[in-house]
Amino acid sequence: MSADILWAPWRIEYIRKTTVQGEIGDIFVDLPAENDDRKNLIAFRGETSFVMMNRFPYTNGHLLVAPYRQVGNLQGLSDAELLEINQLLAKCERWLTSIMRPNGFNIGVNIGKAAGAGIPGHIHWHVVPRWEGDVNFMSATGNVRVIPQDLGDTFDALRETISLDAR
């Protein structure tokens with residue numbers, strides 16, 4: 001019996017951080033502090049919160065919305081953060097609709113490790129565009145996601161749409 005091989009060289013960065021350096025830091029604090037938005041896929045910076053692309057997306061256009069402050073749950077957020085996060089979620093829907101024309105969205109938040117939060121100490125929302133029929137044989141039988149566009153190309157299209165939207 002031969003094994004199927006799926007090459008995913010972009011994952012080595014994540015693997016090295018978790019196995020060599022131990023715990024990954026808080027990407028929602030560390031990456032905005034670097035001020036290299038293209039490298040870190042930060043598409044939009046607000047006053048209290050920001051939007052970044054998921055480096056390991058479920059599907060094309062998978063965005064994350066998070067406050068700059070490290071807060072683990074909804075009750076820890078200020079009114080200003082709650083308002084801006086919800087405004088950003090609406091903008092993400094508009095921006096992604098403009099550039100990707102999805103048939104729908106999954107928008108959600110996992111609070112706490114037991115709920116599946118990958119970074120339980122920092123609340124963040126997932127905005128995942130969906131298309132009818134996007135669960136195909138690759139994901140159903142091979143447990144593999146197919147991302148048809150380079151993250152950099154998606155980032156560029158998103159930033160262009162955001163800049164046009166701001167006018």
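Residues numbered from 1 in each chain as written. Predicted model: local features only at pLDDT ≥ 70, side-chain atom pairs only at ≥ 80, totals over all residues. Heavy atoms only, no water.

Caption draft 1: Looking closely at the sheet that holds strand β2 (residues 49–53). Spatially, the five strands line up as an open sheet ordered β1-β2-β3-β5-β4, and their pairing is antiparallel. Of all the strands in the sheet, just β1 (42–45) and β4 (104–109) have a single pairing partner and so form its edges. Neighbouring strand axes in the sheet, compared pairwise and without regard to direction, differ in orientation by 20 degrees on average. Pairing analysis gives three bridges linking strand β3 (residues 63–67) to strand β5 (residues 125–130), with the strands arranged antiparallel. In the strand pairing of β5, Leu63 is matched with Val127. (Pairing = 2+ DSSP bridges. Helix = DSSP H or I, 4+ residues; strand = E, 2+ residues; numbered from the N terminus. Axes fitted to C-alpha atoms, helices over the stretch in contact; angles between N-to-C directions.)

Caption draft 2: Local environment of the side chain of Glu84. Positionally, Glu84 belongs in helix α4 (residues 79–100). No salt bridge is formed by the buried Glu84; the nearest opposite charge belongs to Lys91, separated by 6.9 Å. At 2.8 Å, the side chain of Glu84 and the backbone nitrogen of Ser49 are in polar contact. Setting aside chain neighbours within four positions, we find Glu84 in contact with Gly46, Glu47, Thr48 and Ser49. (Buried < 20%, exposed > 50% of the residue type's maximum accessible area, 1.4 Å probe, protein only. Lys, Arg positive; Asp, Glu negative; His and termini not counted. Salt bridge = Lys/Arg side-chain N within 4 Å of Asp/Glu carboxyl O. Polar contact = N/O pair within 3.5 Å; in protein donor to acceptor, adjacent residues only side chain to side chain. Contact = heavy atoms within 4.5 Å.)

Caption draft 3: Looking closely at the pattern of salt bridges. All told, the structure shown has five salt bridges when counted by the stated rule. Between Arg38 and Asp156 there is a salt bridge, and its shortest N-O distance comes to 2.8 Å. Here the residue Arg38 occupies a position in helix α3 (residues 37–40), and Asp156 occupies one in helix α6 (residues 151–165), the gap between them amounting to 118 residues. When its relative accessible area of 43% is taken as the criterion, Arg38 is described as partly exposed. A salt bridge links Arg94 to Asp165; its shortest N-O distance comes to 2.7 Å. Of this pair, Arg94 sits in helix α4 while Asp165 sits in helix α6, and the two are 71 residues apart along the sequence.

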